[in-house]
Amino acid sequence: MSLPSLFSPLRIGRHDLAHRVVMAPLTRMRAGPGNVPNGLAATYYGQRTSEGGLLIAEATQVTPSGQGYPATPGIHSAEQAQGWKKVVDAVHARGGVIFLQLWHVGRSSHSSFQPGGVLPVAPSAIAITSLASFTPEWKQVPYETPRALALDEIPALIEAYRDGARNALAAGFDGVEVHGANGYLLEQFLHSRSNKRSDAYGGTVDNRARLLLEVTQAVIEVWGADRVGVRLSPFNLYGDVGDDDPIGLYSHVLARLAELDLAYLHMIVGRDGPGFDGESPPEIDDLRPFWRKPLILAGGFTGESADAAIRAGRADAVAFGRQFIANPDLPQRLRRGAPLNAYNRSTFYGGGAAGYTDYPALEMEG
Ligand code: 8OZ
């Protein structure tokens with residue numbers, strides 16, 4: 001089994017990749033005190049590095065108010081940037097390319113995470129009702145009704161992403177990915193179900209896309225467009241988002257992002273959120289005409305289906321999540337057609353080395 005399309009080189013922006021098996025950004029909730037990535041994180045990412053392979057580091061809050069889960073890493077303090085530098089060094093030592101995913105959860109938070117214990121912020125004062133929130137103590141509680149951001153608060157939010165982008169640059173990353181997916185802040189602004197604003201950031205698709213585009217522009221000013229990617233989940237409903245007309249919205253978003261000359265666009269094919277096991281909606285391919293630069297797809301692919309998607313021009317690279325958790329040497333295994341380790345969902349979030357750095361690699365063959 002050789003999977004020739006998956007194992008062909010690809011240039012994304014400023015970087016040459018040796019193959020197209022990408023490690024998806026994966027929340028693991030194992031950061032240390034101060035939400036600093038610890039030594040285990042350096043081991044974990046180092047283990048998952050292949051020569052010329054792209055890793056997208058887990059969603060990382062750009063500001064304290066952007067946190068909504070326990071022990072997720074940040075990129076707003078010098079200590080966090082130092083912790084990330086150890087991760088980056090471990091990946092570079094093995095010849096890998098690593099981007100950091102810049103994150104703000106918006107209303108998917110709880111006042112117990114917020115500085116001063118205030119309510120989380122959102123485009124509109126609409127609570128998530130289909131899910132429970134975490135607290136910093138790992139309790140599950142109902143989501144609160146968030147506070148709608150005032151128009152004059154939005155520039156500071158954009159500056160938080162810019163600062164996070166600067167800190168990621170100082171930590172030595174190779175690029176950054178703007179998290180515009182999975183029901184978090186930027187998707188709350190994009191989708192009609194969560195954005196009921198009547199100012200310049202709500203209403204028309206132009207207005208709902210404005211914050212994503214302004215944040216992406218600010219990040220580009222730090223990094224250059226050829227080291228910036230954007231992740232979207234056009235059909236996502238997780239986190240009580242969802243759009244009345246996803247093709248109308250995202251054809252606009254992609255056309256506008258295309259003007260920015262990004263390194264890549266990264267789209268999740270599924271309808272659901274973290275860990276979905278469903279079928280890909282065929283509509284994702286309806287968006288392909290609006291994006292001709294490198295496209296990464298993610299969501300339930302196998303080596304074979306990834307290779308076929310690339311061969312068919314549906315994608316240029318494919319990101320793997322759960323399989324990468326359980327298989328530190330996933331690219332080598334896929335290339336050889338080797339069996340995969342099964343993943344253990346109970347150790348996805350929180351804890352230490354178990355289910356994090358103790359999945360075995362294939363024994364090296366002579
Ligand atoms: C799983 C648990 C918490 C957050 C995402 C950042 O889905 C996440 C996430 C995943 O994008």
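Residues numbered from 1 in each chain as written. Predicted model: local features only at pLDDT ≥ 70, side-chain atom pairs only at ≥ 80, totals over all residues. Heavy atoms only, no water.

**Overview of the site of the ligand**
Then step 1. Taken together, 10 residues lie around the ligand, and T27, H179, N182, Y184 and Y349 are the ones closest in.
Then step 2. For the ligand, an oxygen atom lies 2.7 Å from a polar atom in the side chain of H179.
Then step 3. N182 has a polar side-chain atom sitting 2.8 Å from an oxygen atom of the ligand.
Then step 4. Protein coverage of the free-state accessible area of the ligand, which is 300 Å², stands at 90%.
Then step 5. Of the residues in the shell around the ligand, the class split is seven nonpolar, three polar and no charged. (Near = heavy atom within 4 Å. Polar contact = N/O pair within 3.5 Å; in protein donor to acceptor, adjacent residues only side chain to side chain. Areas by Shrake-Rupley, 256 points an atom, 1.4 Å probe, with all protein chains shown as cover. Nonpolar A, V, L, I, M, F, W, Y, C, P; charged D, E, K, R; others polar.)

**Description of helix α1 (residues 39-47)**
Then step 1. Inspection of α1 places A41, A42, Y44, Y45 and G46 among the buried residues, and these make up the whole buried set.
Then step 2. Where α1 is buried, its residues contact β3 (21-23), β4 (54-61), α2 (78-93), β5 (97-103) and α9 (322-326). (Buried < 20%, exposed > 50% of the residue type's maximum accessible area, 1.4 Å probe, protein only. Helix = DSSP H or I, 4+ residues; strand = E, 2+ residues; numbered from the N terminus. Contact = heavy atoms within 4.5 Å.)

**Concerning the environment of L131**
Then step 1. As for its placement among the helices and strands, L131 is situated in the loop between β6 (121-122) and β7 (132-134).
Then step 2. Separated by 11 residues in the primary sequence, L131 and P142 have C-alpha atoms spaced 7.5 Å apart.
Then step 3. When sequence neighbours within four positions are dropped, the list of residues in contact with L131 reads Y143, Y238 and G239.

**So, the pairing of strand β10 (residues 175-180)**
Then step 1. With six of six residues buried, β10 lies mostly within the body of the structure.
Then step 2. Alternating residues of β10 divide into G175, E177 and H179 and V176, V178 and G180, and every residue in both groups is buried.
Then step 3. Inspection of the sheet shows β5 paired to β10 by four bridges, in the parallel sense. Paired with F99 across the strands is G175, a residue of β10.
Then step 4. Alignment of β10 against strand β11 (residues 228-232), held across five bridges, turns out to be parallel. (Pairing = 2+ DSSP bridges.)

**Considerations on the nonpolar core**
Then step 1. In terms of nonpolar packing, the biggest core is built from 100 residues, with Y45, F173, L211, V219, L232, V253 and L257 touching the most fellow members.
Then step 2. Among the elements that make up this core, the one with the highest residue count is helix α6 (residues 210-223) (nine residues).
Then step 3. Contacts of L211, omitting those with residues within four sequence positions, involve I154, L157, I158, L185, L186, F189 and Y201.
Then step 4. One finds A59, Y69, I128 and F134 within the second-largest nonpolar core, a separate group that totals 11 residues. (Core = buried A, V, L, I, M, F, W, Y, C linked by side-chain atoms within 4.5 Å.)

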